[in-house]
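Understanding the architecture of this molecule
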Amino acid sequence: MRGRRGRKGRGIGLLAITAGVVILMAMVLPVGFWWFALAVLLISLGFWYNHCG
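Given the structure is predicted, the values throughout are model-derived calculations rather than measurements. Starting from 1, residues in each chain are numbered consecutively following that chain's sequence as written. Side-chain atom pairs in this predicted model are given and counted only at pLDDT of 80 or more, local residue features only at pLDDT of at least 70, and totals for whole chains, interfaces and linings cover all residues. Excluding hydrogens and water, the side-chain figures rest on all heavy atoms present in the structure.

Bringing the overall build of the protein chain into the picture now. In terms of regular secondary structure, the protein chain is built from two helices and zero strands. Classification of residues uses two cut-offs on accessible area relative to the type maximum, computed with a 1.4 Å probe and protein chains only: under 20% is buried, over 50% is exposed, and between them is partly exposed. Residue burial in the protein chain is summarised as follows: out of 53 residues, 0% are buried. To qualify as a helix, a DSSP run of H or I must reach at least 4 residues; to qualify as a strand, a run of E must reach at least 2; elements of each kind are numbered from the N terminus.

Given below as structure tokens:
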């Protein structure tokens, strides 16, 4: 019966694990790290958008 959920069930589980890791990191890491991470994310998204779009 494991294969009945398909990829959608795996995606939700992966999203829940990722959210849990981010919440745990938010309690441990300083605020400056999160500004740096946001900047890296936005720059990466910009490069991806220019490359793929």
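After that view of the structure, there is still more to cover.
So, about a nonpolar patch on the surface. A cluster of nonpolar side chains, Ile-17, Val-21, Ile-23, Leu-24, Met-25, Met-27, Val-28, Leu-29, Phe-33, Phe-36 and Val-40, forms an exposed patch at the surface whose accessible area comes to about 1,100 Å². Elements with a minimum of two residues in the nonpolar patch: helix 1 (6-28) and helix 2 (31-52). In this structure Met-25 comes out as partly exposed when scored by relative accessible area, which is 32%. Here the term patch refers to residues with relative accessible area over 30% and no salt bridge, with like charges joined within 9 Å and nonpolar side chains (Val, Leu, Ile, Met, Phe, Trp, Tyr) within 5 Å. Using a 1.4 Å probe, accessible areas were evaluated by the Shrake-Rupley method; residue-level cover was limited to the displayed protein chains. Should a side-chain nitrogen of Lys or Arg be within 4 Å of a carboxyl oxygen of Asp or Glu, the pair is scored as a salt bridge.

This brings us to helix 2. Residue count minus one, scaled by 1.5 Å, sets the expected span of a helix. Taking 1.5 Å as the rise per residue, helix 2 with 22 residues should run 32 Å; its terminal C-alpha atoms sit 32 Å apart, in good agreement. Where burial is concerned, little of helix 2 is hidden: zero out of the 22 residues are buried.

When the centres of two rings from Phe, Tyr and Trp lie within 6.5 Å, Trp using its six-membered ring, the rings pair. Their planes under 30 degrees apart give stacked, over 60 give edge-to-face, and anything left gives tilted. Summed over the entire model, instances satisfying the criterion amount to one aromatic pair. Between Phe-33 and Trp-34 the ring centres are 5.1 Å apart and the planes differ by 80 degrees, which places this aromatic pair in the edge-to-face class.

On their own, these measurements won't tell you what the molecule is for.
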